[in-house]
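What follows is the residue order along each chain.
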Amino acid sequence: MDFLRPASWEEALAAKAEHPTAVPIAGGTDVMVEINFDHRRPEYLLDLNRIGDLAEWEVGEDTVRLGASVSYTRIMQDLRAELPGLALASHTVASPQIRNRGGVGGNLGTASPAGDAHPALLAAGAQVEAESAARGTRLIPIDEFYTGVKRNALQPDELIRAVHIKKADGPQQYSKVGTRNAMVIAVCAFGLALHPQTRTVRTGIGSAAPTPVRAKTAEDFLNAALEEGGFWDNGKIITPSVAKQFAELCSGACNPIDDVRGTASYRRHAVGVMARRTLTWAWESYRGARRASEGAA
């Protein structure tokens, strides 16, 4: 196994073009586990740790450009207001040591359906910034990024440089089920984001299908129910029947398996429970913000 250590982004792209099978490594929290257990033996490892701008972020007027190597710890500490769903997801990642090393770029590159960041990225409507030496930069919508079990839309000569995520314009929530409270791979996970500016709700489901997925039928149902009931304007509590139907549709969006962490039927049930709870929490936050705004006016 050869170890490539580019000193710049341009050198990294050139190395990836010359060695398309090279596996990028930054935090190493996924790659090293696979290597240590002899599940993977790449011909080349492409170390990205000398490229400083991968660990930086930019907060724009509407969007955060998150470098691929920004750690989960930094997201939790510095981007909680702009990216609350992703910050909540970051809290559930493994241990403090892993959160100090791991980042969203690695989660995306591995594309495991159990990756903790995926539901939050789907709910927020993120875009993945990928680049190659030959074709330059492109933005891949998160809905198009996951192509199969641990497969993504990257070309062999592309690297992930950053993730573009819209700043939250409403409450976001995240929930994860595991076999214990820390250092655990998700049995299933659920992310939800309210987008009051567009009067829409987006979801993300992890570890309950071959890829991370959205519950699009559930979203369509809830968006219609909120609009027809005038909920965005009147700020009323969402009726139990609407929440129940939303939860059932989210369960229906799953295509899980039985494995050592949980059964398929349990995953479907748990996703429904998390969907109802996160919707309740997020909507209560929205109602509270509306009351505070009306009181200030």
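This text follows the structure it describes.
The paragraphs below set out a description of the structure included in this document. Because the structure is predicted, anything quoted here is derived from the model rather than measured. (Residues numbered from 1 in each chain as written. Predicted model: local features only at pLDDT ≥ 70, side-chain atom pairs only at ≥ 80, totals over all residues. Heavy atoms only, no water.)

## Some points on the packing of aromatic side chains
Now for step 1: Taken as a whole, this structure holds four aromatic pairs when the rule is applied.
Now for step 2: Ring plane angle 80° and centroid distance 5.3 Å describe the contact between tryptophan 232 and tyrosine 286, whose orientation is recorded as edge-to-face. With a gap of 54 residues between them, tryptophan 232 in helix H10 (residues 231-234) and tyrosine 286 in helix H12 (residues 264-296) connect regions that are remote in the sequence. Accessibility assignment for this pair places tryptophan 232 and tyrosine 286 in one class, buried.
Now for step 3: Relative to tyrosine 286, the ring of tryptophan 283 lies with its centre 4.7 Å away and its plane at 40°, an arrangement referred to as tilted. Residue tryptophan 283 and its partner tyrosine 286 are located together in helix H12, separated by three residues, close to a single helical turn. An identical accessibility class is assigned to tryptophan 283 and tyrosine 286; each is buried.
Now for step 4: Following the ring pairs from residue to residue traces out a cluster consisting of Trp232, Trp283 and Tyr286. (Phe/Tyr/Trp six-rings, centres within 6.5 Å; stacked < 30°, edge-to-face > 60°. Helix = DSSP H or I, 4+ residues; strand = E, 2+ residues; numbered from the N terminus. Buried < 20%, exposed > 50% of the residue type's maximum accessible area, 1.4 Å probe, protein only.)

## Some points on the sheet that holds strand S11 (residues 172-177)
Two orientations exist for strands paired in a sheet by backbone hydrogen bonds: parallel and antiparallel.
Now for step 1: What the three strands build is an open sheet, ordered S11-S12-S13; its pairing is antiparallel. Looking at the sheet topology across the chains shown, the edges are occupied by S11 and strand S13 (200-206). Going from strand to strand, the sheet's axes swing by 10° on average, the running direction of each strand aside.
Now for step 2: Looking at chain direction, S11 and strand S12 (residues 188-195) are connected through six bridges and run antiparallel. What sits directly across from lysine 176, in S12, is alanine 189.
Now for step 3: Contacting S11, S12 and S13, H12 runs over the sheet at an angle of about 30° to S12. (Pairing = 2+ DSSP bridges. Axes fitted to C-alpha atoms, helices over the stretch in contact; angles between N-to-C directions. Contact = heavy atoms within 4.5 Å.)

## Remarks on the sheet that holds strand S10 (residues 159-166)
Now for step 1: The antiparallel open sheet is built from five strands, whose spatial order is S4-S5-S10-S6-S7. Bordering the open sheet on either side are strand S4 (57-59) and strand S7 (136-141), each of which pairs with just one other strand. Put simply, the sheet's adjacent strands are angled 20° from each other on average, direction ignored.
Now for step 2: Across five bridges, the pairing between strand S6 (residues 127-132) and S10 is antiparallel. Looking at the pairing, glutamate 129 lines up with alanine 162 of S10.
Now for step 3: Sheet strands touched by helix H1 (residues 9-18): S6 and S10. Its angle to S10, the strand with the most contacts, is close to 120°.

Function-wise, these values are silent; they only describe arrangement.
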